[in-house]
Amino acid sequence: MISLNRSCFLNKTGISGSCSPFCGRQRAINPPASLKIVAAVNSNRDTNGSVVMESTLKEFRDGASVIDLDSTTAVAGGVHDVYGEDTATEDQFVTPWSISVASGYSLLRDPHHNKGLAFTDKERDAHYLRGLLPPAVISQELQVKKMMHIIRQYQVPLQKYMAMMDLQERNEKLFYKLLIDNVEEMLPIVYTPTVGEACQKYGNIFSRPQGIYISLKEKGRILEVLRNWPEKNVQVIVVTDGERILGLGDLGCHGMGIPVGKLSLYTALGGVRPSACLPVTIDVGTNNEKLLNDEFYIGLRQRRATGQEYAELLHEFMTAVKQNYGERILIQFEDFANHNAFDLLAKYGTTHLVFNDDIQGTASVVLAGIVAALKLVGGTLADHRFLFLGAGEAGTGIAELIALEMSKQTNMPVEETRKNIWLVDSKGLIVSSRMESLQQFKKPWAHEHEPIKTLLDAVNDIKPTVLIGTSGVGKTFTKEVVEAMASFNEKPIILALSNPTSQSECTAEEAYTWTGGRAIFASGSPFAPVEYEGELRVPGQANNAYIFPGFGLGLIMSGTIRVHDDMLLAASEALAAQVTPENFDKGLIYPPFANIRKISANIAANVAAKAYELGLATRLPQPQDLLKYAESCMYSPVYRGYR
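Residues numbered from 1 in each chain as written. Predicted model: local features only at pLDDT ≥ 70, side-chain atom pairs only at ≥ 80, totals over all residues. Heavy atoms only, no water.

- The protein chain has the name Malic enzyme in an unreviewed UniProt entry, where Rhizophora mucronata is given as its organism.
- Regarding the protein chain, the relevant UniProt record gives this comment under Sequence similarities (unreviewed entry): "Belongs to the malic enzymes family." (UniProt positions renumbered as here; feature names shortened; annotations may be inferred.)

**With respect to the side chain of Ser504**
Stage number 1. By secondary structure assignment, the location of Ser504 is in the loop between strand E15 (493–496) and helix H20 (508–514).
Stage number 2. Within the local environment of Ser504, its side chain forms a polar contact with the backbone oxygen of Cys506, the two atoms lying 2.8 Å apart.
Stage number 3. Setting aside residues no more than four positions away along its own chain, Ser504 makes contact with Gly474, Lys475, Ala496, Ser498 and Phe527. (Helix = DSSP H or I, 4+ residues; strand = E, 2+ residues; numbered from the N terminus. Polar contact = N/O pair within 3.5 Å; in protein donor to acceptor, adjacent residues only side chain to side chain. Contact = heavy atoms within 4.5 Å.)

**A short note on helix H7 (residues 183–190)**
Stage number 1. Of the positions making up H7, those classed as buried are Val183, Met186, Leu187, Ile189 and Val190. All buried residues of H7 lie within an arc of 165 degrees about the axis, which places them on one face of the element.
Stage number 2. Where H7 is buried, its residues contact helix H4 (140–153), helix H5 (157–170), helix H6 (172–181), helix H8 (194–200), helix H11 (257–268) and helix H24 (596–613). (Buried < 20%, exposed > 50% of the residue type's maximum accessible area, 1.4 Å probe, protein only. Arc of directions from axis to C-beta.)

**Some remarks on the UniProt feature "binding site: a divalent metal cation" (unreviewed entry) in the protein chain**
Stage number 1. UniProt annotation of "binding site: a divalent metal cation" (unreviewed entry) refers to Glu334, Asp335 and Asp358 when read in the numbering used here. On the basis of their most widely separated C-alpha atoms, the annotated residues across 25 residues gather in one place, lying no more than 6.8 Å apart.
Stage number 2. Among the structural elements, Asp335 can be located in the loop between strand E9 (330–333) and helix H14 (338–348).
Stage number 3. For Asp335, a relative accessible area of 1% translates into the label buried.
Stage number 4. Apart from the residues within four sequence positions on either side, Asp335 is in contact with Thr240, Asp241, Gly242, Glu243, Arg244, Ile245, Leu246, Ile258 and Asp358.
Stage number 5. For Asp335, the side chain forms a polar contact with the main-chain nitrogen of Leu246, separated by 3.3 Å.
Stage number 6. Tracing the backbone shows Asp358 in helix H15 (residues 357–377).
Stage number 7. Asp358 gets classed as buried once you look at its relative accessible area, which sits at 8%.
Stage number 8. When residues no more than four places from it in sequence are discounted, the contact partners of Asp358 are Arg244, Phe333, Glu334, Asp335, Phe336, Glu393 and Ala394.

**Considering the nonpolar core**
In globular proteins that are soluble, nonpolar side chains generally tend to be buried together.
Stage number 1. Among the nonpolar cores identified, the biggest contains 121 residues, and Ile402 and Phe551 are the most heavily contacted of them.
Stage number 2. Looking at which element gives the most residues to this core, the answer is H24, with 10 residues.
Stage number 3. Among all residues touching Ile402, those that are not within four sequence positions of it are Leu367, Ile370, Leu381, Phe386, Phe388, Ile421 and Ile468.
Stage number 4. Counting 37 residues, the second-largest nonpolar core is a separate cluster that includes Trp229, Leu278, Ile282 and Leu344. (Core = buried A, V, L, I, M, F, W, Y, C linked by side-chain atoms within 4.5 Å.)

Okay, here's the thing in structure tokens:
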């Protein structure tokens, strides 16, 4: 046994890194003294031709890494970038560390470091790959071109989704490079609307686990479960309990497709490192009889736990996350049912860094679209009347953020600005005479008015200038409703936000046709451009992906410890500011997704600035140029050279 001096791997090469995963200041990284690497070298190598590495695993089993990680926290509350990959510039060489130096066949099976045929001849010799790959060496750009050609051959979106998920499991950097370079084409595949179908059929297409599954079986052991996750520097968790997946209802454990998809966008659109992202599904059962009787269902086969049993499991999870990852771990709640979503946000908003994308993210992106639309129709927020179909998480969340922004602009109490906003639920217009029977989150929207049962009657009576659909029920913006909007608005703003496409309140073509081409339209899921009377109308997409990746990056890079409503307003303002005159000429109220990385950087900078202003940021001193700093923090999927 020959003990290899650690300088052979690290010191000798002069790895250049920084004081945190995001910081731009360079320093030399010296590995911890406890790093022990022993190589068993003899004349009889294993069949891979690789050097067998033995590591001290006691620390790993106890919840630490193979190395004794420095307890000093970095910008996002995590540990230092010991191996230098995240902080080295793209032209610097890095070491493909796993538990040991990945080499040979294992390197080709490691999605974090695999480069396929892009390994150079020198790398193939250094890492025992000679003969394990065909002789050709091709670039990452050519690999992207080839993969796009393959994916475009599939006619069914779900097949494209499966091909992308398979690529993510084989070659992480190629997956993100392809997604970033083709974001407008691939976003509907890796996220809505295709991810909805993927969740519905998750048991059938499930091949290997992604993320962490925490079920009632793990109650009392959640901290131990979290420590089973191999990445220790987690900065953002997206968690769901699968009870309200998009507009599709209770999908139980099959809801994991949502956290996986959201976190893919955190990396591709917001530049958060893949290793810093953790998808989690809380499995408390399902009330979906079809799934309970499905032989391929992968979750607990029992009806949903509720009440104290549910609350105790969630509390143990929230406590364990903070204990394992620190104060600055961002927890994004996703697709919880209304009755739990509001309670969780209220309960943990003061003790954890939490964000509900359905309530807060949707609100921020819709407010941005409305602010942009005002440049086309004129007036301020206070000059307009808003009518919502749907009074759940999304509807009330959007309404509240509009009221807050209106209050900020007019210096009126938010109780007054709410009076410009009306909501219709399944029982009709929300009015004060219904107060006793209303859920708590609906009560602020119960105004003095006679009861109205139908949306059409509400439109004719309230005469809104902005109609917003968050009902989760398709085809509810009927021809009569849309024509009524057009009868008293020169440019009616119609936002059909329910996902997936099949649940949209109306289509883009219907909105343009029924308003004589005058509608300013946006939807939650994408619609193709519509030609109306010789003019091409490009519908906007009020996709949360505009907001949450940049919002999360802003929180992480500033070390923010709590989310404040003013940060959501800051994100909306940053997004609205990215809409150009050329976009307005096409009727767009959102910028093209092709510029999403730039958009996310601007949102991150605005959010971070607000966090510093509110005294909630812990990364000090504040960077002088937050936009440049945000751009420097963003993960790049470009292949790295291996020493």
